[in-house]
Amino acid sequence: MTLAPIAIYVDADACPVKDETFRVAARYGLHVYVVSNSFMNLPREPWIERVVVSDGFDAADDWIAERVGPGAIVITADVPLASRCVKAGASVLAPTGKPFTDSSVGMALATRNLMQDLRESGLITGGPKPFSRQDRSAFLGALDRAVVRLRRERGL
């Protein structure tokens, strides 16, 4: 059985770590799919593929979820997408470097739904904390570890 090559899928519309993802991918020679609902200016590299999907609800999420499996790394802050990708066997990281796993994604979904209900009822009016340099650094380390782990599992 031939294993699919390691590839990175970026849920790109609001992703703050695209440049960091490109640096890690270049270091390891990985293909990156940058998936968004609109045109996005990206470096012109043969290993970076721009994917523009329709502006339909969850179109980018559906495109990613339908293609990932073991050997894929997904970068997203979207918890429902993370859940779908974890179930498909992909490694999933939030832009803060936090991994979504079988054991953590259920709680992340429950927390997301609770927070959404609280915002809709007006009990909470703020959003997530601002993205920091520490988040960026944690992401770089987590992405590098994910690539190294997948390479080791595949004997590369």
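A. Fine view of the pattern of salt bridges. Under the definition given, this model contains five salt bridges. Across the salt bridge formed by arginine 136 and glutamate 20, the nearest N and O atoms sit 3.0 Å from each other. Of this pair, arginine 136 sits in helix H5 (residues 133–153) while glutamate 20 sits in helix H1 (residues 18–28), placing them 116 residues apart in sequence. The salt bridge partner of glutamate 153 is arginine 149, with a shortest N-O separation of 3.2 Å.

B. Fine view of the nonpolar core. Core analysis: the largest hydrophobic core is formed by 24 residues, its most contacted members being Ile8, Val34, Ile73, Ile75 and Leu143. Among the elements of the structure, strand E1 (7–11), H1, strand E2 (31–36), strand E4 (72–75) and H5 are those that each provide at least two residues to this core. In contact with isoleucine 8, not counting residues within four places along its chain, are Thr21, Ala25, Leu30, His31, Val32, Tyr33, Ile73, Ile75 and Leu143. Formed by 23 residues, the second largest nonpolar core is a distinct cluster that contains Val74, Leu81, Val92 and Ala94.

C. Main features of the side chain of aspartate 135. Of note, aspartate 135 is situated in helix H5. A polar contact of 3.0 Å, which involves the side chain of aspartate 135, links it to the backbone nitrogen of serine 132. Apart from the residues lying within four places of it in its own chain, the contact partners of aspartate 135 are Pro95, Thr96, Lys129 and Pro130.

Here is what the cut-offs are and how they apply
Residues numbered from 1 in each chain as written. Predicted model: local features only at pLDDT ≥ 70, side-chain atom pairs only at ≥ 80, totals over all residues. Heavy atoms only, no water. Salt bridge = Lys/Arg side-chain N within 4 Å of Asp/Glu carboxyl O. Helix = DSSP H or I, 4+ residues; strand = E, 2+ residues; numbered from the N terminus. Core = buried A, V, L, I, M, F, W, Y, C linked by side-chain atoms within 4.5 Å. Buried < 20%, exposed > 50% of the residue type's maximum accessible area, 1.4 Å probe, protein only. Contact = heavy atoms within 4.5 Å. Polar contact = N/O pair within 3.5 Å; in protein donor to acceptor, adjacent residues only side chain to side chain.

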